[in-house]
Every structure is written in C-alpha cells, then in structure tokens.
Amino acid sequence: MMRYLLLLAITLTNILAVQAQDMSAYSHESFTKEGDTLRYRLLKPLNNDMHKAYPLIIFLHGSGERGTDNAAQLLHGGALFLNDTLRREFPAYVLFPQCPPGKSWSPFRMKRDTSGKVTGADFLTDAPPTAPGALVKALLDSLLASGKIDAKRVYIGGLSLGGIGTYDLLARYPQLFAVAFPICGAGNVKTAANFANKVPLWIFHGSDDNAVPVDFSRAYYAELKKLGSEVKYSEYPGVGHNSWDNAFAEPDLLPWLFRHHK
C-alpha cells in the first residue's frame, strides 16, 4: 500500500508539473493496433509545410511518467522542444509516446540485492518486443508511410526506462534510426554489434546514479569504441539519476542530432 501511495504521489506531482507549463502545442493523439493502444503527444514543425518531409525525434520517458493521462510523459524534455529559437533552427516532428502503467518499452528484469540496490539486469533480447515497444515501432511505420517524415532523419532518445527502451529498439531496428541519445539507460552490451557503425550515439549518465548504475553506460561506450562506431559519452561527476537535466542543457545536443542522416 505504501508503494502504491508513493507511486500515486509521484504521478500526481508529475501531472501538476506538466500542467504548470503550456504544452498545448503538442497535440493529443492515440494509435491502436490489434487491440492495444498507445497514447502520444506530437509537436509539429513550426510553420509546417504540408508538402515537405521533416525529421522526427522520438523520446521515450522514464518509469515515473507511465500512465494514461497522455501528459506526464512531457515532464522531462517537453519544454526543450518548445523553444521557439530551436524550433525555427531545427524544424521537426517531436513524438512523446506514453507507456501504460506497469508496462515497459522493452523486456528486462533488474537484479537487486537485499537492500534494493541494483546489481545487474537480465535483458531479454531474444524475447519479442513488449506491447508498448511494438506499438512505437508500428506508429513509426505509420508516420513514415504518411510521407510527412524524412525516413533518413529519424532520431530516438529516452531516459532511464526510456534509455533502456532506446537501446532495445536500436538493437531490433537499426535500419530505422539515424542517431540515438540514451540518457541514464542500460541494455545488453552484446547487442551493440547490431547497430555499431550504423547508428551514431551520444550517451549520457550521472556518475552517482543509484537507480541505473553508470557502469551500464560505460560498458556500452567501451564496446562501441572497440567496434569502431561513432559514439560520444558525457558522464556528469556527482550527478545522480536526473542526468537528463544536464543532457537537455547541452548546447550541442540538437545541432549534433541534426547533423546526422542515413
């Protein structure tokens, strides 16, 4: 019961924080396939030209923003893409899907000791995608079929649970993405070979992260470097799990994204 009340309090706090900002430029959308529904928010390019194809940025939120309100997922990152200067300089569609409660973007199990500290993880890379992960892929396919998206400029990122999902989707569908930016994420490092030399990455993590240990990102960075892939790594000394604040403050994040294409 205490865990439920804590999760409820976190969810309500997230909703109130998002509502305090004007996120109305993001349209409320939903996508349904085979009985499963994915709620998402979509930001169109500023001065959208309907006859032009634009880049697409997909951002996968963390565990605290799961829900059905189709709002909480904008808590981290939603404001960044609303910056008028950035929207003029980097016109793109921006997609924030929302993972339902109790679900995840990818199949995995965290390992913990008796104190609750994360000691490792089982990443079920041979398992089928989760329903939310499969719906993100199906929605992307639908958007690409619309002709509104530049298929050579699809960018994906995510934080925490979404960072884990980013690595999973990269490993499954490396041909779809031009670049990726996982923040405080984790995954099966053996799958790096699936997207090495195909998808450049910029990896972010805080050195003092107690929720998703920094060793996960360090291992991915080392493996991708060994494979000769294009990869950047930013580790923030003394920063805990909220390394997304530092990542979103990186002045070169969007310029770096938009320099890449398939």
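Here, every reference points to the structure presented above.
Quick caveat, the model's predicted, so the values are computed rather than measured.

**Q** Would you mind showing me how to read the nonpolar core here?
**A** Generally speaking, soluble globular proteins have nonpolar side chains that are buried together. Judged by nonpolar contacts, the single largest core of 47 residues is most densely connected at Leu-56, Ile-58, Phe-177, Phe-195 and Leu-201. With 32 residues, the next largest nonpolar core counts Phe-96, Tyr-155, Phe-248 and Phe-258 among its residues.

**Q** I would appreciate a short explanation of the state of the cysteines in the present structure.
**A** In a disulfide, the sulfur atoms of two cysteines are held together by a covalent bond. Under the defined criterion, the tally for this structure stands at zero disulfides. Its sulfur unpaired, Cys-99 is 15 Å from the next cysteine sulfur, which belongs to Cys-184. Overall, Cys-99 belongs to the buried group, its relative accessible area being 0%.

**Q** Is there a simple way to explain the pairing of strand S8 (residues 179-183) in this structure?
**A** Regular strands show a simple pattern: their side chains alternate between the two faces of the sheet. Of all five residues in S8, five are buried; the element is thus mostly enclosed. What you see with S8 is no split at all: Val-179, Phe-181 and Ile-183 on one side and Ala-180 and Pro-182 on the other are buried throughout. Handedness of the crossover is the feature at issue here: the chain leaves strand S7 (residues 149-159), passes through helix H4 (residues 161-172), returns alongside S8, and the resulting connection is right-handed. Of the strand pairs in this sheet, S8 and strand S9 (residues 201-206) are connected by two bridges, and their pairing is parallel. By the bridge assignment, Ile-183 is partnered in S9 with Phe-204.

**Q** Any chance you could explain unusual backbone geometry here in plain terms?
**A** Excluding glycine, a negative phi dihedral is what most residues carry, and trans is how most peptide bonds are arranged. Non-glycine residue Asn-47 carries a positive phi angle of around 55°. Judged by its relative accessible area of 69%, Asn-47 falls in the exposed class.

**Q** Which parts of the structure should I look at to understand the environment of Leu-124?
**A** Among the structural elements, Leu-124 can be located in the loop between strand S6 (118-123) and helix H3 (131-145). Placed 44 residues apart in sequence, Leu-124 and Asp-168 show a C-alpha to C-alpha distance of 9.4 Å. The contact partners of Leu-124, leaving out residues within four places of it in the chain, are Pro-107, Phe-108, Arg-109 and Arg-172.

**Q** Could you clarify how one ought to interpret the side chain of Glu-65 in this entry?
**A** With respect to the element layout, Glu-65 can be found in the loop between strand S3 (54-60) and helix H2 (84-89). Buried within the structure, Glu-65 lacks any salt-bridge partner; its nearest side chain of opposite charge belongs to Arg-66, at an N-O separation of 8.3 Å.

**Q** Hey, could you run me through the sheet that holds strand S4 (residues 93-98) in this one?
**A** Two pairing modes exist for strands in a sheet, parallel and antiparallel, and in both the strands are linked by backbone hydrogen bonds. Overall, mixed pairing links the eight strands, which are arranged S1-S2-S4-S3-S7-S8-S9-S10 in an open sheet. The open sheet has two edge strands with one neighbour each: strand S1 (27-33) and strand S10 (231-236). Geometrically, the sheet is characterised by an average inter-axis angle of 20° between neighbouring strands, direction not taken into account. The sheet contact formed by S9 and S10 spans six bridges and is parallel. Bridge assignment links Leu-201 to a residue of S10, and that residue is Val-231. Across the sheet, H3 lies against S1, strand S2 (36-43), S3, S4 and S7, angled at about 55° from S2, the strand it touches most.

Definitions and cut-offs
Residues numbered from 1 in each chain as written. Predicted model: local features only at pLDDT ≥ 70, side-chain atom pairs only at ≥ 80, totals over all residues. Heavy atoms only, no water. Core = buried A, V, L, I, M, F, W, Y, C linked by side-chain atoms within 4.5 Å. Buried < 20%, exposed > 50% of the residue type's maximum accessible area, 1.4 Å probe, protein only. Disulfide = S-S within 2.5 Å. Helix = DSSP H or I, 4+ residues; strand = E, 2+ residues; numbered from the N terminus. Right-handed = clockwise from strand over helix to strand, strands pointing away. Pairing = 2+ DSSP bridges. Contact = heavy atoms within 4.5 Å. Lys, Arg positive; Asp, Glu negative; His and termini not counted. Salt bridge = Lys/Arg side-chain N within 4 Å of Asp/Glu carboxyl O. Axes fitted to C-alpha atoms, helices over the stretch in contact; angles between N-to-C directions.

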